[in-house]
Amino acid sequence: TKEVIELDCPKMEWLREWVLDHIVDNPHMRVIVWCVYNAEVYRITRELRRLLNDGGVAYLNGSVNNEVMITNIKQSFNSRNPNGIRVLVCQIDKMYEGHNLQAGDVNIYFSNSFSYMKRAQSEDRSHRKGRNEAVQYIDLLCESTVDVDIFEALMQKQDFAAKVTPGTISG
């Protein structure tokens, strides 16, 4: 399912409340928080680690280039171990393609890239082998910001892609 949440308040405040309501008491839920900028990756990771007492939050961005570390993070996330990684903060440009994150129950887009291909590929990370459950997608948009413009551009690109390749795009 896809959901768009337009906010008057800062996105971080919404994310904090959502994590408290959905993650704290559900150790098997897995969430991917997607964002564009490294500063967002670090800020979200720092805040969620504080909120969850350092439990189960990891990030993958351009600075993580050790393949063993990346593999270990992904395995911990996908294992659904209650003591493993429960929230994975990902930079879209680093993780949009070729990674198996099939444990992702919820994908939260803190920010988006203008690239429809990267967006579509990032969504596909949770739809990998072994995944039979529905995946929820949440876009956080703050009124009167570039977030809205980028999201609208992505939706136009999605509509165009659906016309060019009928039956391959789900909306």
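Everything numeric in this text was worked out from a predicted model, so none of it was measured. Along every chain, residues carry numbers that run from 1 in the direction the sequence is written. Local features in this predicted model are restricted to residues of pLDDT 70 or higher, and side-chain atom pairs are both shown and tallied only at a pLDDT of 80 or more, whereas totals for entire chains, interfaces and linings draw on every residue. Here the side-chain values reflect all heavy atoms present in the structure, with hydrogen atoms and water set aside.

Caption draft 1: Structural view of the nonpolar core. Counting residues in each nonpolar core, the largest one holds 23 residues, and the members touching the most others are L15, W18, V31, I44, V87 and I108. For this core, the secondary structure elements donating two or more residues are helix 1 (11–22), strand 2 (31–35), helix 2 (38–51), strand 4 (87–91), strand 5 (106–109) and strand 6 (136–142). A run of DSSP states H or I qualifies as a helix once it reaches four residues; a run of E qualifies as a strand once it reaches two. Both are numbered from the N-terminal end. The element contributing the most residues to this core is helix 1, with five residues. In what follows, a contact means two residues having at least one pair of non-hydrogen atoms within 4.5 Å. In contact with W18, not counting residues within four places along its chain, are I23, M29, V31, V106, I108 and I138. Put simply, buried Ala, Val, Leu, Ile, Met, Phe, Trp, Tyr and Cys residues joined by side-chain atoms within 4.5 Å make one nonpolar core. For every residue, the accessible area (1.4 Å probe, protein chains only) is compared with the maximum for its type, and the residue is labelled buried under 20%, exposed over 50%, or partly exposed between those bounds. Core analysis: the next-biggest nonpolar cluster, separate from the first, contains 20 residues, I32, V64, C90 and Y137 among them.

Caption draft 2: Inspection of the pairing of strand 6 at higher detail. Within strand 6, six of the seven residues are buried, which leaves it mostly tucked inside the rest of the structure. What makes two strands pair is DSSP finding at least two bridges between them. The sheet contact formed by strand 5 and strand 6 spans four bridges and is parallel. Within the sheet, the bridge partner assigned to I108 lies in strand 6 and is I138.

Caption draft 3: Geometry of the pattern of salt bridges. Here a salt bridge means any side-chain nitrogen of Lys or Arg lying within 4 Å of a carboxyl oxygen belonging to Asp or Glu. For the structure shown, the criterion picks out four salt bridges. For E47, the salt bridge goes to R50, with nearest N and O atoms at 2.4 Å. Taken as a pair, E47 and R50 lie in helix 2 at a separation of three residues, close to a single helical turn. Relative accessible area serves as the criterion here: at 14%, E47 is assigned to the buried category. Under the relative-accessibility criterion, R50 is labelled exposed at 51%. One salt bridge connects D105 with R80, and the closest N-O pair in it is separated by 2.8 Å. Note that D105 is positioned in the loop between helix 4 (92–95) and strand 5 and R80 in the loop between helix 3 (67–79) and strand 4, a separation of 25 residues in sequence.

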